[in-house]
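# Residue-level structural notes
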Amino acid sequence: MEPSKEYVFKYKGVYFGVNTSPEYVATLEDFEIKDSDIFITTYPKSGTVWTQNILSLIIHEGHRNGTENVKTIDRIPWLEYNIQNADYAALPLPRVFATHLPYYLVPRDLRKKRGRIIYVSRNPKDVMVSYYHFSKFFPIAEEVPDFNLFMERFLAGKVAPSSWLDHVTGWYSHAEDFNILFLTYEEMKKDLRSAVLKICSFIGKELSEEEVDSVVRQATFESMREDHRANYKDLPGGLVPKNDGRFLRKGTVGDWKNIMTVAQSERFDEVLKEKMKTLPIKFTWDINDEM
Ligand code: PPS
């Protein structure tokens, strides 16, 4: 099966989209890490933008109290897609980056436990459905109107950055090589405050009760949708969204049930569920499930 058209190259087994190149990705191996660096690492549609905003709110008082008007994309750039051509070396400390790279393509120094990684995963049915909707609104993505076709591509790893299972398995099975905090989208959804506290403790940032309250309040789906700094309404590079789509679409657990038929869900389970049993994570497929 052919991958989606916008995935312009494959590098060391992983599909990449536009705005980057194999040469650039290759340089990231030597990317110079500072000890205070933080990398938000995800498979797409797993809660990246959400975690970016939480970190902006935790780290920057001016973001929290509204005196600073810096958009997420400028505050926390994408490592492998340097869309705005930022000078990464000149970013204020602690630098925070977002990346969808698999564990074996990230800067070498991270493996020496320099810097910190926050890895966020989400149940793959919701990931896939979110990705499907994204493909319809993101102007440089190939619009795939047929959900079934999109699902087959997703299951075959013919989307960027290739297989969801390989991404998650890779990061979990190499956890010991990195200074890493694992979170799930669903635990953030169920108890955002605890997730914020875990992040604070991991990055060594102490906030008062009121400050934590403020972070939690501003990191809810509803608040972020209204916050022009955080909602990615202005897409990078001046791109204009199609079909009235948004990055912050529904923000729920279990939305897959609204689109997947029973047969599609069974097909998905047949391909992935058995293999997922080896993962040390119990995914939540419905907001009412016990965690
Ligand atoms: S991307 O393209 O990889 O950066 O996308 P990513 O940010 O990882 O994932 C987008 C989904 O995250 C949801 N989102 C949130 N959910 C709950 N609360 C908050 N605050 C929040 N912020 C973003 C966003 O709505 C996308 O999920 P879907 O299911 O499409 O709504």
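Structure: above.
Just so it is clear, the structure is predicted and the values come from calculations on it, not from any experiment.

A separate point is the overall build of the protein. Each helix and strand counted, the protein has twelve helices and six strands in total. Against the 2.2 N^0.38 benchmark of 19 Å for 291 residues, the protein shows a C-alpha radius of gyration of 18 Å, consistent with a compact globule. The dimensions of the protein, computed from C-alpha atoms along their principal axes, are 50 × 45 × 40 Å. Classification of the 291 residues of the protein by burial places 56% in the buried group. Across the protein, every contact between residues at least 6 apart in sequence was considered, and the portion connecting residues at least 24 apart equals 73%. Carbon and sulfur atoms provide 50% of the accessible area of the protein, an area that totals close to 13000 Å². Measuring between centres, the 39 positive side-chain charges of the protein sit 1 Å from its 43 negative side-chain charges.

Scanning the entire structure with this criterion turns up 19 salt bridges. Note that Arg 193 and Asp 213 form a salt bridge whose closest N and O atoms lie 2.4 Å from each other. On the criterion of sequence distance, the pair formed by Arg 193 in helix H9 (residues 192-203) and Asp 213 in helix H10 (residues 209-218) is long-range, its members being 20 residues apart. Residue class for Arg 193 comes out partly exposed when judged on its relative accessible area of 26%. Judged by its relative accessible area of 34%, Asp 213 is partly exposed. Linking Lys 250 and Asp 255 is a salt bridge whose minimum nitrogen-to-oxygen distance equals 2.8 Å. A relative accessible area of 39% means that Lys 250 is categorised as partly exposed.

Along the polypeptide, Arg 122 turns up in the loop between strand S5 (116-121) and helix H5 (124-137). Asp 126 is the oppositely charged side chain nearest to the buried, salt-bridge-free Arg 122, at an N-O distance of 4.6 Å. Of note is the side chain of Arg 122, whose polar atom sits 3.0 Å from the backbone oxygen of Lys 45. Looking at Arg 122, its side chain comes within polar contact range of the main-chain oxygen of Thr 252, at 3.1 Å. Leaving out residues up to four positions away in the same chain, Arg 122 has contacts with Lys 45, Ser 46, Val 127, Ser 130, Trp 164, Tyr 185, Glu 186, Thr 252 and Phe 283.

It is worth spelling out the layout of surface pockets at this point. Where empty space is left can be seen by rolling a probe of water-molecule size over the atoms. The calculated volume of the second largest pocket comes to roughly 180 Å³. For the second largest pocket, the lining is made up of 15 residues, of which Gly 13, Val 14, Tyr 104, Ser 162 and Asp 166 are closest to its centre. Of all the secondary-structure elements, those providing two or more residues to the lining of the second largest pocket are strand S2 (14-16) and helix H7 (164-173). No other element matches H7, which puts three residues into the lining of the second largest pocket. Counted by class, the lining of the second largest pocket contains seven nonpolar, six polar and two charged residues.

Right, let's get into the pairing of strand S6 (residues 180-184). Most of S6 is tucked away, with four of its five residues classed as buried. Pairing of S5 with S6, which is carried by five bridges, proceeds in the parallel orientation. The residue of S6 that forms the bridge with Tyr 119 is Phe 182.

Rules used in this analysis
- Residues numbered from 1 in each chain as written.
- Predicted model: local features only at pLDDT ≥ 70, side-chain atom pairs only at ≥ 80, totals over all residues.
- Heavy atoms only, no water.
- Helix = DSSP H or I, 4+ residues; strand = E, 2+ residues; numbered from the N terminus.
- Rg over C-alpha atoms; globule rule 2.2 N^0.38 Å.
- Buried < 20%, exposed > 50% of the residue type's maximum accessible area, 1.4 Å probe, protein only.
- Contact = heavy atoms within 4.5 Å.
- Areas by Shrake-Rupley, 256 points an atom, 1.4 Å probe, with all protein chains shown as cover.
- Lys, Arg positive; Asp, Glu negative; His and termini not counted.
- Charge placed at Lys NZ, Arg CZ, Asp CG, Glu CD.
- Salt bridge = Lys/Arg side-chain N within 4 Å of Asp/Glu carboxyl O.
- Polar contact = N/O pair within 3.5 Å; in protein donor to acceptor, adjacent residues only side chain to side chain.
- 1 Å grid on protein atoms, 1.4 Å probe; cavity = no way out; pocket = protein on both sides within 12 Å on 5 of 7 lines; lining within 4 Å.
- Points joined across faces, edges and corners; volume = space filled by probe spheres on them.
- Nonpolar A, V, L, I, M, F, W, Y, C, P; charged D, E, K, R; others polar.
- Pairing = 2+ DSSP bridges.

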